[in-house]
Structures are given as C-alpha cells and as structure tokens.
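So you can see what is in the structure, the chains are spelled out below.
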Amino acid sequence: MTEPLLSVRNLTVEFPTRRGILTAVQDISFDIMPGEVLGVVGESGAGKSMTGSAIMRLIERPGRIAQGEVILQGRRIDNLPDAEMRKIRGRKIGMIFQDPLTSLNPLYRISEQLIETIRTHLPLSETEARKKAVGLLDDVGIPDASRRIDDYPHQFSGGMRQRVVIALALCAGPDLVIADEPTTALDVSVQAQIIDVMKRLCAENGAAIMLITHDMGVIAETADRVAVMYAGRIAEIGPVRDVIKDAKHPYSAGLMGAIPRLGANLERLTQIPGSMPRLSAIPRGCAFNPRCEHVMDKCRLDQPQPVQIAPGRQVSCWLYPPQGDTVNSIDERRLAE
Amino acid sequence: MTQTLLNVRGLSRRFDVSQPWLNRKIEGTGKLYVNAVDDVSFTVKQGETFALVGESGSGKSTIARLIVGLLEPSKGDIIFDGTSLKNGLKGAKARALRQRFQMIFQDPLASLNPRWRVFDIVAEPLRVFERSMDKRAQRLRVGELLTLVGLAPEDGIKFPHQFSGGQRQRIAIARALAANPDFIVCDEPTSALDVSVQAQILNLMKDLQKDLGLTYVFISHNLQVVRHMANDIGVLYLGRLAEVAEAGALFDAPQHPYTRMLLDAVPDIEMTGRRRKQVEGEIPSPIDPPSGCAFHPRCPLANDRCKREIPKVINGVACHAVQEGRAA
Amino acid sequence: MENQSPLKDVAAIPAEDLIVPEPPKGRLAQALDSDIFYSWRTSPVTVVATLVALSLVLMAVFAPLIAPYNPFNPASLNLMDGFTPPASTGAFTENYFLMGADNQGRDVLSTIMYGSRVSLFVGVLATAFAMTLGVSLGLIAGYNGGVTDAIIMRITDVQLSFPAILIALLIFGIARGVIPAGQQENMAVWVLIFAIGLSNWAQFARTVRGATMVERQRDYVSAARIMGVHPILILLRHVLPNVLGPVLVIGTISLALAIIEEATLSFLGVGVPPTQPSLGTLIRIGQQYLFSGEWWILFFPAMTLIALALSVNLLGDWLRDALNPKLR
C-alpha cells in the first residue's frame, strides 16, 4: 500500500467580506497517488481553482485557509513559512495556468525565463541550465528548439506557448503538477496535442497531475480518477470510467447526462433545474438539495459526509449514509417504485 | 418539401489590416489584407438548424455578422427568402425584413445593456417594430416572453447583473423572440455557460424551435453541441468551407481530412481511452495563409496539386484527394 | 423525458399573472446599503470634504438670507468703518464685523458669502457647458471613427496644448471687441462662462471618446444595430448611460478648476465686473492691502476659495476610486 504523494484533509478556504464569511471550499479531503492523474471537475464557482491555489498557498488576501491540512510526501506544507513554501513551488509542485499569454513574461526571452527557473531550484551553471532548457523544449515538441529558445513569447502561437509553460512547470523535476484549465483557451485540435504532451512528459518524469477543468471530455481522455466538485464540496471521487458510466451522486449523474456527446443525437439533454448557488447563498445541509430529485428531509438539515462505497470510490450523499443500515441507493429506490 | 429560407452564395469578406499610410510609405510595404471569409456558399431550410463549425480564424463569427447585416460582404450575395441583402437594408421594406431575423450572442453579459432594466431590454424590439403597442400591451408581451424562456414576469424590473449567466442568456433569447422573427443567428450561445446550464439552454432552444417554427444558424466550435442541435453542418477552415453535409452523415462518415482530424481530436466522454492518431501542426495565421488548399501543410494526403490549386466544393467536400479518389 | 412545449405552458397562464410589474420607487434604502455609500462613509477625508463643500454651497445659495449685512448696498456702508480688524465693531456704524471690514467698510464675511455665489454660479455653469460640449463631441468621435474622429481629436489636441487661461483671455478679448460697450457689463458673466467652458471641454471629449469606442464593440450595441435603431438613439440611450461614470469624476475636478480659473481671471481684472465681485475679485482687492497690515481682507476670501476647490477636488478623487471596478 503506497503512501499518497499529496494528502488534503478537511481543507476549508474562507473569504471574510463585510457581508459575512464566504466559504469557497468546505471541508474537502482527497489523496493523489504518485504518478496518477487526478481530474478535478466542476462548474464555475465550484471551488476547483481555489483548491489548486490553496495547495500552492497562492490564495489572495483576504482569503485564507481556515482549517485543514495539506500534506506533501508526509510533510505538512499548509503552515510553512513563505521562504520554505517558495522552495516547494516549482521544485516539488509545478503549476500550469490557463492563459499561456499571461503565464509568460512578454518582456523576457524564453531562454531567460527557463534558465532562471531552473537555476532557482537546481545547482546548475548557466550553460548546463541552458542545455537542460533546450532539452526540455525538445521534449515538449517545439521544433528547432536550440534556435527558438531565444525567441520572445509573442513569437510563439498559443499552442506552442502552452508547451513552453509545460516545460517551465516541469523544469525542476517536480513530483506533482497542478494544471488549472490548461487547454481551455486553445483550439480543439491543439487541445489534443497539449494533453498528449502533458501525459507523456509527466509519465516519463514520474510526476502526478492534478488536472483542474470544467471540460469532462478532457478528463475522460486524460485522468485515472476524477473528483466532482459542487459549491465548494466534493460530491464524488472515483475511477473515471466508473464515475462517467455509473455516477452515484445525483449531481454527477445529472452532469454526465447534461454533456452532449458525439455519439447519438438525443432529443433532450438531462437538465438539472436551477443553477449552482452563489457563495453567499449556499443552502443549509447538502448544497445540492434544492435541485435534487431524490431530496429527503435529512438533506436539508445536515451536510453529508464522504462515505467509501467501494475501494477508491467515495460519495458525499445521504443516499449513501455512513452506517449503511438502510442503503437506499438510486438503483434500489428505482426498483422499489 | 421545406423551402429554402437563406441562400448564401460565394460570400467573401476581406479586412484591411494594413499599416497606417505613413508607416507604409516609410517602410515601403504594401497593403495587407485578411480574407476572413472566402467564397462560402450554403443553404438553410426553413424550420431547420444549420451549424457552422470551425476553430479560431475559420471566419464563422464573421459569417454570422455578414448574415445579419453588421458587416457588408466584399463579394457574393446573401438571399433571405428571395430578397438579396447584398446592398444593405434601407427603407420601409428593410424594416419588415429586419423584423424577421435576430441574433443571440456569445457573452450574455455583454449582449445586455447593463444600465437598462430587463423589461426595457426585452421590449426594445417591440418599440422598434411594433410601434402601435401601448405600454400595457408591452408589459403583457414581455411577461409572456420571460415566462416562455423560463423566467418570471417580476424579473422584468431587475437589472442584468442580478442574474446568472444562464438566466442572462434566457433574457437574450426572450429579446430575440419579442418581435416574432422566424430566423435566428446564434453565435456560440452556450460557450460561456456551464455544462448543466448549457443543457437547459439547448433544450429550451430546441423546444422553441419546434413550437414556433424557428430557423437557426448555429455557430460553434464545440462539435458535441453541434451534433445535438444541427440538421446540416458546414465545416470551415481559414475562411473556406471544407465540407458541408447532413449532420448524421458528417459524423458517421466524414470525408474531408480536416473534418476527420477534428473529430478524432475532440475529447469526448463516450470514448474514454480510445487510440488516436497524432494531430499535426497548428492553424496557420489568416494573414499569411498557405497557398492552394489552406490545409495542405497538415494534410496526410496532400500532393502538388493541393499546394497550387484551391479546391472547389464538389458534392459537399472541398478536397482534391476526395475528388481524385485518393481518400480512403 | 417527454418533450415540453413552452408555448402551450404560457398559453395556459391567465393574462393578469403575466404582466411585468412597475419598478419599485424606493431606491433610497437600496442606495444607502450600497457599496458606494459604504466606501463614502468609511473614508473620513471624503466625509469631511463633502460636508465642507456642502456647507459652502449652502452658504452661497442662501447668502441673501443669512449674510449679516448686504455689502453691495451703498447706503449701508460707511467709509469710516473701513479697515476694521476681525472680531471687532466698526468705528462709525457699530456693526459687528466677524472677519473684519475691507477698505470700503464692507463686511468681509458678507462679501465672501456673496462672492462665493458668483464663483459657484460661473463655475457650475461653465462646467455644465464644457460637459455638454465635450461629451457630445466625444460620443460622435468615438462612434463614427475614421475622419470624423481624427478631426475632432486633432481639435482636442490643439485645445489641450493651450493653457486654459490663455484661451479664456482670448475669448474675453474677442468679446470685448465684439460686444458694444453698453452691454459689456451685463454680458460679462456669460462671456466668462463661455470662455471657461470652452477651455475645459477637451478632457471630457477625450475620455468619452475612449469609453465610447469600447462600448461600441459590445454586443448590446450590435443587437440594437441589427434591429435598425438609429445611431443617434443608440448613442443617447445605450452608450451614454454606460460612459457617464468617468464623466462624473472629471466633472467634479473640472468644477474645482473652473472655480479657480474664474478666480484667476477676476484677479487679473478680466473676469466678473466689479459690481458682482467673486472670490477672485476679493482676493485682488485684498492683495493690495496685504503688506500694509490689513491681512484679513485677503486671508478670508483666499481660505474660502481654497476650501471650496480642495473639497470638490477630494470628492472627485473619492468618486474616481469608488467607481473604479478594478479596485472594488
């Protein structure tokens, strides 16, 4: 039984405002195993980007981590002083952001940015770092890397820039890469290329990926496991194929049904009534209860806790209560009707 | 036999992206043009949905604006229900024609005036086209429209920023329907929305189409959405039509190499873990497009003729390889 | 999942339930709870500045009612009261002069009250004129672009490169030559308003032109254009409400500037006629006696002018920060 690479326990992120405290992430827990790809999917406002930022300690004031722990390779990193955290960022955890145009400084050449990052984390000389940088650009598939390394970001196309960003994230050899919507700003055909590059390189370097996106298709093609987030909480975690084919949480089930597919031309897509609540108006109990077709009285009062219903499969829903005496799953209820 | 409502013929639009006059004189460069849309032709039948699909630089948004008259074509013609729109719309006849088509935009926040109340926004087409309606009749009609799109009449007194993205798009749909058009151009209407909200809006649009007999021209980059909505699909690449086909045929048996590549590249949740061919290259810049067939640098079937000659659309496909029988 | 017909659903609802209600009248409670009011009341500098500005304005408006004496009624004056120091009584009339008396025996406090009246009158009207002219030209330039924009912007550039005082002097000089001598006194205030307005409109035009160019691209303007709404109506009803924010900020700062410009011109002797002295005139009068010891004739009007200009300026600063969406 291997130790998890990253362990998040009861993480809560809050934003104090003059109208009260807004909870962006509420009491979430999950693990990432070394070398695996965990997809974190959710709609806007679900808190997935906030989770990534919280792990990297990049939350803007006045937001703060109100409670919980983030444990990287057995060591707590959520309470480290800034200087220690800086050593972790880049070296142990790499980050890929959505917009390649703003991730790279337009005023500096690619070579300068890569070499600076490499030398911050690794004791290499200028020439050694440059050689490593060219090698990385080659790995991510930039043609004529030894010449193009001296170009500026604006001389690259969007897809090329994102490859450079991937190279930057991996240059210090991190064990975990957090990718926040890495393909959203790219064209469809380029998306596929970038996903391939990311998967291949991370597999080669033994790095795990936390892939944050709203695009379930990307997760289906890339991830091993997926965590579905809703209103700052994790609704369900499990292997990708299982969650897609047989989602247990009513929200995940509705979400999978709402996504149009290339296959059959359906008459209607599954429609979940209403929309995700604003952070200032999260309902009491289970956040999904106003929109859930299986809602019970308990759902309106208490927040459901995560329950492991199978190895590697976890749901937070009162249809799957912890003690398991009356297991009224969706399937059993349907049989009863 | 459904009649043709919209007939687009040889539509082209060129943009002048030259440097300012002084710079050109000093640097000795000539004028620079971008052919955003080049010789595009298609027909749309009444009551059906025609989708235009493409990535960035394909010209799909430009075509949308050309159809509704926000831009004028450089070449070619747009014939709406028998009337040519080429020379713009002027006069009383124009007003009658304008009433029949409307547009829904991509960004629901930007398409509603943030300073106006929802009632005024939805009632604007009534004020322009149905001038004889009195205030009370307007209030009734707006209330009807808001209820039709799934909101409440009381929402009419609120401002756009008080609504979510999906609700704003419903308001935009209500506004588009106010003057009873029969033709709506939808420019990426759900691209800015979350998946579950997108499902609501797409279902609503389909229901309304059936109820009111609407004709849609649906612009999108999302192939799955297009699969769900369209009867016929046109695939654009750098301003030119690569393939035009009925939806089922396009997805089951795509002919153009670009269409095949696109369908292969799209991440889809049905097809977890399928093997895919590596996709080559990126979309070239529209300012300096490749010669001949714009797709030839990335096409596995390109030959010399592809580098020299722009393929014409024959039997719905613009590809030399297909015409020469080289495509498998 | 059965198909739904939104049309049938709506037809089933009775008419009274479908009508959009009237908007609520009570906006005061909403305004008091808003973010802008919160930012106002938590900034001590702004609150003080608002109170100072408000009291000076009230003082000016109600001057005839609250001034202890009417300083411009020759019958009530007596030269023997002249140069009475502050907080003492006049030698001849036994009047109490809180801020002393000037060379002609006028109560300085009263002259300040009446003087502020003139200053504010000229300042507010000049700013209103500049705002109207600048905003209109800015809207036209921003919306039309091209040659119109180029011409208007070059005029703006030229105007901005001249110091405001010079422009005002120029206008004044022309007016002196054009208006017959008998009319000059009556017209002086209006010429002054015209002159100061004409020297301040450029800032409005620049800002509004930039904001208009941004708003013009937005989809809600496109939606109105598709409907065929006349460009002037689009400018007035759609664009103008959305570009007014920066205009208010510049307006307050411009008001402060206009007041000071008027004071400067009056100080130089080319502003308001001596029969309607403004704060600037008072400063000119007071300056003559500063070094002979009667400091109060200059000091109190100058302090009033500073307080007025400064408080209006600070209000403008706060307004700019409060309305800046990036800082919110």
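What counts and what doesn't
Residues numbered from 1 in each chain as written. Chains lettered and ligands numbered in written order. Predicted model: local features only at pLDDT ≥ 70, side-chain atom pairs only at ≥ 80, totals over all residues. Heavy atoms only, no water. Helix = DSSP H or I, 4+ residues; strand = E, 2+ residues; numbered from the N terminus. Rg over C-alpha atoms; globule rule 2.2 N^0.38 Å. Contact = heavy atoms within 4.5 Å. Areas by Shrake-Rupley, 256 points an atom, 1.4 Å probe, with all protein chains shown as cover. Lys, Arg positive; Asp, Glu negative; His and termini not counted. Charge placed at Lys NZ, Arg CZ, Asp CG, Glu CD. Buried < 20%, exposed > 50% of the residue type's maximum accessible area, 1.4 Å probe, protein only. Phe/Tyr/Trp six-rings, centres within 6.5 Å; stacked < 30°, edge-to-face > 60°. Lys NZ or Arg CZ within 6 Å of the ring centre and 35° of its normal. Disulfide = S-S within 2.5 Å. pLDDT = per-residue confidence, 0-100. Buried area = accessible area lost by both parts, 1.4 Å probe. Salt bridge = Lys/Arg side-chain N within 4 Å of Asp/Glu carboxyl O. Polar contact = N/O pair within 3.5 Å; in protein donor to acceptor, adjacent residues only side chain to side chain. Nonpolar A, V, L, I, M, F, W, Y, C, P; charged D, E, K, R; others polar. Pairing = 2+ DSSP bridges. Axes fitted to C-alpha atoms, helices over the stretch in contact; angles between N-to-C directions. Core = buried A, V, L, I, M, F, W, Y, C linked by side-chain atoms within 4.5 Å.

Student: Mind showing me how you'd approach the overall build of chain C here?
Tutor: Broken down by element type, chain C carries 13 helices and two strands. In summary, chain C has a C-alpha radius of gyration of 26 Å against a globular reference of 20 Å for 328 residues, an excess of more than 25%. The dimensions of chain C, computed from C-alpha atoms along their principal axes, are 100 × 45 × 35 Å. Taking contacts inside chain C between residues at least 6 apart in sequence as the whole, the part at least 24 apart equals 69%. When the accessible surface of chain C is summed, it comes to about 16,700 Å², and 68% of that surface belongs to carbon and sulfur atoms. Between the averaged position of the 18 positive side-chain charges in chain C and that of its 21 negative side-chain charges there is a distance of 9 Å.

Student: So what exactly am I meant to see when it comes to the overall build of chain A here?
Tutor: Counting its secondary structure elements, chain A contains 13 helices and twelve strands. On C-alpha atoms alone, chain A measures out to a radius of gyration of 21 Å, which is about the 20 Å that the 2.2 N^0.38 rule sets for 337 residues. The buried share of chain A, taken over its 337 residues, is 54%. Residue pairs at least 24 apart in sequence account for 62% of intrachain contacts in chain A once pairs closer than 6 positions are excluded. Carbon and sulfur atoms provide 49% of the accessible area of chain A, an area that totals close to 14,900 Å². Separation of charge centres in chain A, based on 40 positive and 41 negative side chains, amounts to 4 Å.

Student: In this structure, what is going on with the packing of aromatic side chains? I would like to understand it.
Tutor: Summed over all chains, the structure comprises 15 aromatic pairs over all chains. With 4.5 Å between their ring centres and 55° between their planes, A:Tyr230 and A:Tyr251 make a pair best called tilted. A residue pair is termed long-range when its members are at least 10 positions apart, and A:Tyr230 in strand S9 (residues 225–230) and A:Tyr251 in helix H11 (residues 250–258) qualify at 21 residues. Measuring from centroid to centroid gives 5.4 Å for A:Tyr251 and A:Phe288, while their planes differ by 65°, and the two rings are edge-to-face. With A:Tyr251 in helix H11 and A:Phe288 in the loop between H11 and helix H12 (297–301), this pair connects stretches of sequence that are 37 residues apart. Each member of the pair A:Tyr251 and A:Phe288 is classed as buried. Aromatic ring contacts, followed pair by pair, group C:Trp295, C:Trp296, C:Phe299 and C:Phe300 into a single cluster. Its end group placed over the ring of A:Trp318, A:Lys298 keeps NZ or CZ at 4.2 Å from the ring centre. Between the NZ or CZ atom of B:Arg139 and the centre of the ring of B:Phe119, over which it lies, the distance is 4.6 Å.

Student: How should I be thinking about the state of the cysteines in this particular structure?
Tutor: Covalent bonding between the sulfur atoms of two cysteines is what defines a disulfide. For the coordinates displayed, the defined rule picks out zero disulfides over all chains. No disulfide involves A:Cys299; its sulfur sits 6.1 Å from that of A:Cys286, the nearest cysteine.

Student: Sorry, what's going on with the confidence of the model for chain C here?
Tutor: A low pLDDT score tells you not to read the predicted coordinates there in detail. Confidence along chain C averages 83 in pLDDT terms, with 92% of residues attaining 70 or more. The least confident element of chain C, judged by mean pLDDT, is helix H2 (residues 28–32) of chain C at 56; the most confident is helix H6 (residues 108–144) of chain C at 91.

Student: Quick question: what am I supposed to make of the interface of chain B and chain A here?
Tutor: When the parts of a complex come together, some accessible area is lost, and that lost area is often taken as the interface size. On the side of chain A, 46 residues touch chain B, which itself brings 46 residues to the contact. In total, about 3,800 Å² of surface goes out of reach between chain B and chain A, with carbon and sulfur atoms giving 50% of it. Where chain B packs against chain A, one counts one salt bridge. Inspection of the chain B/chain A interface yields eleven residue pairs in polar contact (both at pLDDT 80 or more). Looking at the side of chain B that touches chain A, the elements that each hand over two or more residues are helix H7 (195–212), helix H8 (223–229) and helix H10 (257–265) of chain B. In terms of residue count, the dominant contributor to the side of chain B that touches chain A is H7(B) (eleven residues). Looking at the side of chain B that touches chain A residue by residue, the class counts come to 18 nonpolar, 15 polar and 13 charged.

Student: Explain the sheet that holds strand S3 (residues 49–53) of chain B to me, please; I cannot follow it from the model alone.
Tutor: All names here are of chain B. Overall, mixed pairing links the six strands, which are arranged S6-S7-S8-S3-S9-S10 in an open sheet. This sheet does not close on itself; its edge strands, each paired only once, are strand S6 (101–104) and strand S10 (240–246). Taking each pair of neighbouring strands and ignoring which way they run, the sheet shows an average axis angle of 15°. In this structure, strand S9 (residues 232–237) lies alongside S10, joined through six bridges in antiparallel fashion. The partner of isoleucine 233 across the bridge, within S10, is alanine 245. The sheet strands contacting helix H6 (residues 165–177) are S6 and strand S7 (183–187), and the helix crosses S6 at an angle near 175°.

Student: How should I be thinking about the pattern of salt bridges in this particular structure?
Tutor: Charged atoms that come close allow side chains of opposite charge to pair. Residues and elements named next belong to chain A. For the structure on display, the rule yields 34 salt bridges over all chains. With a shortest N-O distance of 2.7 Å, arginine 313 and glutamate 236 are connected by a salt bridge. Here the residue arginine 313 occupies a position in strand S12 (residues 313–315), and glutamate 236 occupies one in strand S10 (residues 233–239), the gap between them amounting to 77 residues. Glutamate 236 sits in the buried class, given a relative accessible area of 0%. Taken together, the shared-partner salt bridges in this structure form one network comprising Glu69, Arg76 and Asp78.

Student: When you look at the nonpolar core in this model, what are you seeing that I'm missing?
Tutor: Buried together is how nonpolar side chains tend to be arranged in soluble globular proteins. Core analysis: the largest hydrophobic core is formed by 176 residues, its most contacted members being A:Phe30 and B:Ile233. Ignoring any residue separated from it by four or fewer positions in sequence, one finds A:Phe30 in contact with A:Leu6, A:Ser7, A:Val8, A:Arg9, A:Leu38, A:Thr51, A:Ile55, A:Met210, A:Ile234 and A:Ile237.

Student: What exactly am I supposed to notice about the environment of A:Gly173 here?
Tutor: Residue and element names in this part refer to chain A. If you trace the backbone, glycine 173 turns up in the loop between helix H7 (158–170) and strand S7 (176–180). A relative accessible area of 37% places glycine 173 in the partly exposed class. Measuring from C-alpha to C-alpha, the distance between glycine 173 and arginine 91 comes to 6.4 Å, with 82 residues separating the pair along the chain.

Student: Quick question: what am I supposed to make of the environment of B:Ser84 here?
Tutor: All names here are of chain B. If you trace the backbone, serine 84 turns up in strand S5 (residues 83–84). For serine 84 and valine 8, which are 76 residues apart along the polypeptide, the C-alpha to C-alpha distance reads 9.7 Å. Contact partners of serine 84, with chain neighbours within four places excluded, come to Asp77, Ile78 and Ile79. Among the polar contacts listed, one links the side chain of serine 84 to the side chain of aspartate 77, at a separation of 2.9 Å.

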